[in-house]
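Chains, contacts and geometry: an overview
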Amino acid sequence: MSWTAPEVTRVDGPFAGDERSVLLGFLEYHRATFLWKCSGLTGEQLARRAVPPSPLSLLGLVRHLTDVELSWFVHRVAGKPVEFHFIDTDPDDPDVEFTKATAETAAQDYANLLVALDSARAALAEVSLDHTFEHPKLGTISARWVIMHMIEEYARHNGHADFLREQIDGATGE
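Given the structure is predicted, the values throughout are model-derived calculations rather than measurements. (Residues numbered from 1 in each chain as written. Predicted model: local features only at pLDDT ≥ 70, side-chain atom pairs only at ≥ 80, totals over all residues. Heavy atoms only, no water.)

This next bit is on the overall build of the protein. When helices and strands are counted, the protein shows 6 helices and 2 strands. Seen in sequence order, the protein has helices and strands lined up from the N terminus as α-α-α-α-α-β-β-α. Taking 16 Å as the expected radius of gyration for a compact globule of 174 residues, we find that the protein reaches 16 Å, a close match to that expectation. Buried positions account for 45% of the 174 residues belonging to the protein. Long-range pairs, those at least 24 residues apart, make up 72% of the contacts in the protein with a sequence separation of at least 6. (Helix = DSSP H or I, 4+ residues; strand = E, 2+ residues; numbered from the N terminus. Rg over C-alpha atoms; globule rule 2.2 N^0.38 Å. Buried < 20%, exposed > 50% of the residue type's maximum accessible area, 1.4 Å probe, protein only. Contact = heavy atoms within 4.5 Å.)

Considering all chains together, one arrives at 13 salt bridges under this definition. E126 is paired through a salt bridge with K80; the nearest N and O atoms lie 3.4 Å apart. Separated by 46 residues along the polypeptide, E126 in the loop between α5 (106-125) and β1 (132-135) and K80 in the loop between α3 (58-77) and α4 (96-99) bring together distant segments of the chain. Under the relative-accessibility criterion, K80 is labelled partly exposed at 35%. (Salt bridge = Lys/Arg side-chain N within 4 Å of Asp/Glu carboxyl O.)

Taking 1.5 Å of rise per residue, the 20 residues of helix α1 (residues 19-38) would be expected to cover 28 Å, and the 29 Å separating its terminal C-alpha atoms lies within 8% of that figure. Looking at α1, one finds that the buried residues are L23, G25, L27, Y29, H30, R31, A32, T33, F34, L35, K37 and C38. For α1, the N-terminal capping position is held by D18, with its side-chain oxygen 3.1 Å away from the main-chain nitrogen of R20. G40 lies just past α1 and shows a positive phi near 80°. (Expected span 1.5 Å × (residues − 1). Polar contact = N/O pair within 3.5 Å; in protein donor to acceptor, adjacent residues only side chain to side chain.)

All chains considered together, the criterion is met by 3 aromatic pairs. Between the aromatic rings of W3 and Y110, the centroid separation amounts to 5.4 Å while the plane-to-plane angle is 55°, which identifies the pairing as tilted. Within this pair, whereas W3 is found in the segment before α1, its partner Y110 is found in helix α5, the two being separated by 107 residues in sequence. Put simply, the rings of W72, F133 and W145 touch in pairs and so form one group of aromatic residues. The ring of W36 carries the charged tip of R10 above its face, separated from the ring centre by 3.8 Å. (Phe/Tyr/Trp six-rings, centres within 6.5 Å; stacked < 30°, edge-to-face > 60°. Lys NZ or Arg CZ within 6 Å of the ring centre and 35° of its normal.)

Excluding glycine, residues mostly have negative phi values, and the peptide bonds linking residues are mostly trans. Within the chain, D88 stands out as a residue other than glycine whose phi angle is a positive 60°. Position of D88 among the secondary structure elements: in the loop between α3 and α4. Among the residues examined, D88 registers a relative accessible area of 75% and is labelled exposed.

This paragraph deals with the packing of α1 against helix α6 (residues 143-169). One way to put it is that α1 packs onto α6 with a least axis distance of 9 Å and a crossing angle of 25°. Considering their axes alone, α1 and α6 lie roughly parallel with respect to each other. Considering only the axes of α1 and α6, their crossing is left-handed. Residue-level inspection shows E19, L23, L24, F26, L27, H30, R31, T33, F34, W36, K37 and C38 of α1 in contact with α6, the latter providing R144, I147, M148, M150, I151, Y154, A155, N158, A161, D162 and R165. Across the contact of α1 with α6, the residue classes break down as 14 nonpolar, 3 polar and 6 charged. (Axes fitted to C-alpha atoms, helices over the stretch in contact; angles between N-to-C directions. Parallel < 35°, antiparallel > 145°, perpendicular 65-115°, else oblique. Left-handed = near helix turned anticlockwise from the far one by under 90°. Nonpolar A, V, L, I, M, F, W, Y, C, P; charged D, E, K, R; others polar.)

For the rest of this paragraph, the subject is the packing of α3 against α5. Where α3 contacts α5, the axes come no closer than 9 Å and their chain directions differ by 25°. Classified by the angle between their axes, α3 and α5 sit roughly parallel to one another. Classified by chirality, the crossing of α5 by α3 is left-handed. Of the residues in α5, those touching α3 at L59, V62, R63, L65, T66, E69, L70, F73 and V74 are A106, D109, Y110, N112, L113, A116, L117, S119, A120, A123 and L124.

This brings us to the pairing of strand β2 (residues 139-142). Summarising the sheet, β1 and β2 pair through 4 bridges and their orientation is antiparallel. Bridging across to β2, F133 finds its partner in I141. As consecutive antiparallel partners, β1 and β2 are separated by 3 residues. (Pairing = 2+ DSSP bridges.)

Right under this line is the structure:
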C-alpha cells in the first residue's frame, strides 16, 4: 500500500487582534490550505506533473516550500545554520525540488515540510515583527516583511495547487 498524505483541518485565523496574531493567523491558514490541497493523495498522485511540459507538481511544491520556510525563517530571520534539502544541491538542475520529485520520496518530503514548519514557527517565536537582518541582495529586511512575503508565496502556490489538485482527481474548493 502506498503512502497517503494525511487529512488536514484548516482553522481561520483571528479576524481581529494585534498585528502579529493576524499576520501569523493568515500565514497558518495558507500553510494549512496548501497541506489540505495535498490531503488524501498518494505519493504517486502528489508527484504527478499535471501540466506538461512543466515539472510542477504538488510534491514539487512540498519540496520547494520546505526549503523556502527554512531559508526565510530559520536561516535569514533567526540567523541559524540550515542544511537545505534542495537549494544548491545540484548545480546542473536549479529546479531539482520539482524535477526530482518522485512517489518514492513523498512520505519523507512531506515529513520534511512538517519539520520545516515547526522550525519556522520556533524561529518566529523568538523575534519581534520589527526584528531585522541583512539580506545579501535586498539589504535590511524585517521579520514583518518576511511574514508578508510568505503569505504571498503560499497564496500564489495555493493557486497552483488548486489547478494541480483538480487535474489529479477533480477536487475543487477554496
